[in-house]
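Examination of the molecular architecture
These are the residues of each chain, in order.
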Amino acid sequence: TAEYTPLAGSNLSEALDAGLELTPDQAARAAGVALPQALIGVGSEAALLKLVGSVAGKRATREGGVFSTLAKDIASRTAGGAALESATEGLQESIAIANRQGLDPTFSDEDANLRRMQAIFAGAIGGGAAAGAGSAVVGSASAAVRSVTDGSLLDATANVTAKARDLLDRAQRQ
């Protein structure tokens, strides 16, 4: 995945930050630690895509106003995306922390907890934003297609045209 290389590099950086020499063994360890981190990332991305992608199918079967339904979709998907991505980032960072603790005996629990909490917070913000934005796009497109296929867009256009014609007729009579 696109995450594997940066994660492997970050893991190698952990070894260098711990004062260890750059060796083939350290590079292999960094690459090995990046495997489960990248797998977690792939699983999370698939789940996030499924979360956002399910909006279109649900929008087609729901009753209610376009904007209220869209707002509910965005809110629920934002919360789900935040939870999913914060868990993903927390797990990936926990693996990196365990790696660092195995390399550096001076790495404190306070440092580990700070890094873990930062990753969870950043994941929640990023995941919520991605899922919310994706839901807005998919939901808006679904609503637009439905308004064309069910005739409501044509009805709204006809109403606006009729109102404009009525106002014009009134203005000409005065």
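Residues numbered from 1 in each chain as written. Predicted model: local features only at pLDDT ≥ 70, side-chain atom pairs only at ≥ 80, totals over all residues. Heavy atoms only, no water.

Describing the overall build of the protein
Counting its regular elements, the protein contains five helices and zero strands. When the elements of the protein are put in sequence order from the N terminus, they spell out α-α-α-α-α. Within the span of the protein, comprising 174 residues, buried residues form 30% of the whole. A separation of at least 24 residues holds for 73% of the contacts in the protein among residues at least 6 apart in sequence. Accessible area of the protein: about 10200 Å², with a carbon and sulfur share of 65%. (Helix = DSSP H or I, 4+ residues; strand = E, 2+ residues; numbered from the N terminus. Buried < 20%, exposed > 50% of the residue type's maximum accessible area, 1.4 Å probe, protein only. Contact = heavy atoms within 4.5 Å. Areas by Shrake-Rupley, 256 points an atom, 1.4 Å probe, with all protein chains shown as cover.)

Regarding the pattern of salt bridges
This model, assessed by the stated rule, comprises four salt bridges. A salt bridge links Glu14 to Arg100, with the shortest nitrogen-to-oxygen separation between them at 2.8 Å. Of this pair, Glu14 sits in helix H1 (residues 4-17) while Arg100 sits in helix H3 (residues 66-103), placing them 86 residues apart in sequence. Judged by its relative accessible area of 11%, Arg100 falls in the buried class. (Salt bridge = Lys/Arg side-chain N within 4 Å of Asp/Glu carboxyl O.)

Considerations on the side chain of Glu3
Relative to the assigned elements, Glu3 resides in the segment before H1. At 13 Å, Arg115 is the nearest oppositely charged side chain to Glu3, a buried residue that forms no salt bridge. Within the structure, Glu3 has its side chain in polar contact with the side chain of Gln92 (distance 3.2 Å). Excluding residues within four positions of it along the chain, Glu3 makes contact with Gly41, Val42, Glu45 and Gln92. (Lys, Arg positive; Asp, Glu negative; His and termini not counted. Polar contact = N/O pair within 3.5 Å; in protein donor to acceptor, adjacent residues only side chain to side chain.)

What to know about the confidence of the model for the protein
Averaged over all residues, the pLDDT of the protein is 75; the fraction at 70 or higher stands at 64%. When the elements of the protein are averaged for pLDDT, helix H5 (residues 152-173) gives the smallest value, 69, and H1 the largest, 87. (pLDDT = per-residue confidence, 0-100.)

Some remarks on H1
Here H1 is 14 residues long and its end C-alpha atoms lie 20 Å apart, about the 20 Å a rise of 1.5 Å per residue gives. Turning to H1, its buried residues are Leu7, Ala8, Asn11, Glu14 and Ala15. Down the axis of H1, the sector holding all buried residues measures 110 degrees, keeping them to one side. Of the residues in H1, the exposed ones pointing more than 90 degrees away from the buried face are Thr5, Pro6 and Asp17. One or two positions beyond H1, positive phi appears at Gly19, with a value near 90 degrees. (Expected span 1.5 Å × (residues − 1). Arc of directions from axis to C-beta.)

Overview of the side chain of Asn99
Along the chain, the position of Asn99 falls in helix H3. In this structure, Asn99 is in contact with Asn11, Glu14, Arg29 and Val33, ignoring residues within four places of it in sequence.

Here's the deal with the environment of Gly90
Considering the arrangement of structural elements, one finds Gly90 in helix H3. Sequence separation between Gly90 and Arg116 is 26 residues; the distance between their C-alpha atoms is 5.9 Å.

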